[in-house]
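# Breakdown of the fold
What follows is the residue order along each chain.
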Amino acid sequence: MRILAFFSGPIAAVAGLALLAALPLSLAGSSCAADARSDYRVGDRLSPSKSATAPAAVYQETPWDALIPKDWDPQQAFKGLDLRTLKDSDPRAMEALQRLRESWDNAPVEQSLRGQRIRIAGFMVPLEKKGDEVSEFLLVPYFGACIHVPPPPANQIIHVILAKPLKGLQSMDAVWVSGALAITRSDSPWGVSGYRMQGELVTPYSKR
């Protein structure tokens, strides 16, 4: 399913976050322009691989939904609030936005994934970059997250630290990342991550 995801103004921002809270859904059609070199639109997600590959024998391919505890409701902050009745000038809009942001920044993680060696596909947001070498980045589930649209919940952001810097990686590149997953919360200018991974293998995204 695809949902129109272009929002402006306080109340629209709240509504936008409410739609982004539908984590299993893809978002597309945003007026935020995708990078000219990219084939993706804001909100696009990556499909899982169709067949096992060599890394899959060592790492368990993991979908983003598996990082969300089954009993967590990302829209809890909006319970009892009808977004359709709010205008940009309504202070309840900003209050709801603040409540949601705090809830997402403190989103619980899936404890059963602690120490698991996984392989996951996502888009990268560089954190540490010297020249054309990247040593740390955030991995996010949909194109434009943290850049064109607000950060996703902390349980949908992985802080990846590379043992060896990689050249040629750019913001919002689609990649497969493999490594051991840790339960560690980190703050960054681009969002709060609930997971950390020692990136052992980073390859360009491919469905195969």
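The structure reproduced in this document is the subject of the present report.

What counts, and where the lines are drawn
- Residues numbered from 1 in each chain as written.
- Predicted model: local features only at pLDDT ≥ 70, side-chain atom pairs only at ≥ 80, totals over all residues.
- Heavy atoms only, no water.
- Helix = DSSP H or I, 4+ residues; strand = E, 2+ residues; numbered from the N terminus.
- Buried < 20%, exposed > 50% of the residue type's maximum accessible area, 1.4 Å probe, protein only.
- Contact = heavy atoms within 4.5 Å.
- Areas by Shrake-Rupley, 256 points an atom, 1.4 Å probe, with all protein chains shown as cover.
- 1 Å grid on protein atoms, 1.4 Å probe; cavity = no way out; pocket = protein on both sides within 12 Å on 5 of 7 lines; lining within 4 Å.
- Points joined across faces, edges and corners; volume = space filled by probe spheres on them.
- Nonpolar A, V, L, I, M, F, W, Y, C, P; charged D, E, K, R; others polar.

### Considering the overall build of the protein
Looking only at helices and strands, the protein has two helices and ten strands in total. Each helix (α) and strand (β) of the protein, taken in turn from the N terminus, gives the series β-α-β-β-α-β-β-β-β-β-β-β. Across the 208 residues in the protein, those meeting the buried criterion constitute 48%. Across the protein, every contact between residues at least 6 apart in sequence was considered, and the portion connecting residues at least 24 apart equals 70%. Accessible surface for the protein amounts to roughly 10,400 Å². Of this, 53% is attributable to carbon and sulfur atoms.

### Considerations on the environment of Pro152
Residue placement: Pro152 occurs in the loop between strand E5 (133-140) and strand E6 (158-167). Considered as a pair, Pro152 and Val192 are 40 residues apart in the sequence and their alpha carbons are 8.6 Å apart. Apart from the residues lying within four places of it in its own chain, the contact partners of Pro152 are Arg101, Trp104, Val140, Pro141, Tyr142, Ala145, Cys146 and Ile157.

### So, the layout of surface pockets
Of the volumes computed, that of the largest pocket is approximately 260 Å³. As for the largest pocket, its lining consists of 15 residues, and the residues nearest its centre are Leu46, Pro48, Thr62, Pro63 and Trp64. Among the elements that take part in the lining of the largest pocket, strand E4 (residues 117-130) stands out by supplying three residues, more than any other. The residue makeup of the lining of the largest pocket, split by class, is nine nonpolar, two polar and four charged.

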